[in-house]
Amino acid sequence: MSTDNEHTGQEKSPAPGAKPQGDWPLWEVFIRNKQGLDHKHAGSLHAADAQMAIENARDVYTRRMEGVSIWVVESRHIHASSAEESGSLFDPANDKVYRHPTFYELPEELKYM
Amino acid sequence: MPRPEPEITFQDKVNREIRIEPKDWMPDQYRKTLIRQISQHAHSEIVGMLPEANWITRAPTLKRKATLIAKVQDEAGHGLYLYAAAETLGISRSEMIDQLLCGKAKYSSIFNYSTLSWADVGAIGWLVDGAAIMNQVPLCRASYGPYARAMIRICKEESFHQRQGFEILLTLSGGSNAQRAMCQDAINRWWWPSVMMFGPNDDASPHTAQSMKWKIKRFTNDELRQKFIDVCAEQVKILGMTLPDPHLVWNEQKKHYDFGQIDWAEFRLVLEGKGPCNRERLQARNKAHEEGAWVREAALAYAEKRRLADLQAAPLKV
């Protein structure tokens, strides 16, 4: 497992107490389109803090009523699986076709199953 | 077990229409091409706000003013989607902004022309956004995932831009003689720069073949340009106006419109920074950036102050 996320080129956040400089931190934005649906990744933006990230996300990602709820998380807090290891990581699922309903051959007269 | 060359694996994925994601291996040149193309595209969205923003205060009605503000705000959003996509390739936002502000980075040369009348706002929507859409729709299937996703979002929002532009021209075309003349004048001035937006002819475009192999581009410059001209040649009839090209004529054999020579000397001049508004646009961007510096600093200082206050309020919480 690696700890970096989709954004590869970001500087790590400054040490506590360090004088702020450069880009505002990067945030990932998740939007719930309507009640009953999951929050889904919409994109990312820079903001000085969480409140600003939410307000900017509203302005950028929900101008046409695309959202009823917003989550933001600072990108550096997202842990991602690594692309190089995805082969071995997902391998255990590869040979278990019997987990799918289509694996089972049943007579056609069988209904509602 | 010997592993296949990464370039071969990469090209194989692209050929099978499997999208490339940020952490995947990719050729250096693919990364560089994308950074250049996506950041130029982002800069174009941002600089593109300037010629239209000039008309917000002078829009003829409240409805037109509200629409124009919404459109300019969309362009800012499009810039942001694209900057964020470029950042996934390892370049920082501030680096890209610096490249724009110092004049090193390019942006679409169309935005170096002046918006002289209200009809220009209509012509930009119809022709400039129309050409942009023609370019952008195939980019929704670009091989690089974050770019394609940004383009899907942009295309969804962009179609209102073109329709509102055409509606402005349609209204003017049904107006007084002066309004009709204004409409035709704007079309005359914006037509050829819009046709040039598709870039140099295919035989003068050295990167096209590689970009098509990598499936960043899906159509050549000339293919897209022809499609645009075919569409506009029909649409202009609805306006009762003409396109300023005496050689524009339907070719029954080719099933396409033939059109006149493009003035590439002018294109190169504007590209080199000698267009009507190159200096003005960059000055405006630099001014906005400098005048916003204190806001960016204050926001960071405020966030830091609140973080420290939270720490002091709950010193034992880990």
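Details of the structure are given in the entry above.
The following paragraphs examine the structure supplied in this document.

Conventions used here
- Residues numbered from 1 in each chain as written.
- Chains lettered and ligands numbered in written order.
- Predicted model: local features only at pLDDT ≥ 70, side-chain atom pairs only at ≥ 80, totals over all residues.
- Heavy atoms only, no water.
- Helix = DSSP H or I, 4+ residues; strand = E, 2+ residues; numbered from the N terminus.
- Expected span 1.5 Å × (residues − 1).
- Bend = angle between axes of the 7 residues up to and from the residue.
- Contact = heavy atoms within 4.5 Å.
- Phe/Tyr/Trp six-rings, centres within 6.5 Å; stacked < 30°, edge-to-face > 60°.
- Buried < 20%, exposed > 50% of the residue type's maximum accessible area, 1.4 Å probe, protein only.
- Lys NZ or Arg CZ within 6 Å of the ring centre and 35° of its normal.
- Salt bridge = Lys/Arg side-chain N within 4 Å of Asp/Glu carboxyl O.
- Polar contact = N/O pair within 3.5 Å; in protein donor to acceptor, adjacent residues only side chain to side chain.

Now for helix α7 (residues 177–196) of chain B. All names here are of chain B. Over its 20 residues, α7 runs 30 Å from end to end, which matches the ideal 28 Å to within 8%, given 1.5 Å per residue. Taken as a whole, α7 carries its principal kink of about 35 degrees at Trp 190; the proline Pro 193 stands between one and four residues after it. Residues of α7 that are buried sit in contact with α5 (118–139), α6 (145–173), α9 (221–239) and α10 (264–274).

Time to look at the packing of aromatic side chains. All names here are of chain B. With the rule as written, the count across this model stands at 13 aromatic pairs over all chains. For the pair Trp 250 and Tyr 257, a centre-to-centre distance of 5.2 Å together with 75 degrees between the ring planes defines the contact as edge-to-face. When the centroid spacing of 5.2 Å and the interplanar angle of 90 degrees are considered together, the rings of Trp 264 and Phe 267 count as edge-to-face. Placement of the pair is Trp 264 and Phe 267 together in helix α10, with a separation of three residues, close to one helical turn. In this structure, Trp 264 and Phe 267 share a single accessibility class: buried. Counting every residue linked through ring pairs, the aromatic cluster contains Phe 10, Trp 25, Tyr 30 and Trp 214. Between the NZ or CZ atom of Arg 153 and the centre of the ring of Tyr 81, over which it lies, the distance is 5.7 Å. In this structure, Lys 227 packs its charged tip against the face of Phe 219, placed 5.7 Å from the ring centre.

We now examine the interface of chain A and chain B. In this assembly, 32 residues from chain A lie in contact with 30 residues from chain B. Applying the counting rule to chain A against chain B returns five salt bridges. Among the salt bridges present, the one from Arg 64 of chain A reaches Glu 157 of chain B, with a minimum N-O distance of 3.5 Å. For the pair chain A and chain B, the interface holds 10 residue pairs in polar contact (both at pLDDT 80 or more). When residues of the side of chain A that touches chain B are traced back to their parent elements, those giving at least two are β2 (39–46) and α1 (50–61) of chain A. Ranked by residues supplied to the side of chain A that touches chain B, first place goes to α1 of chain A with five residues.

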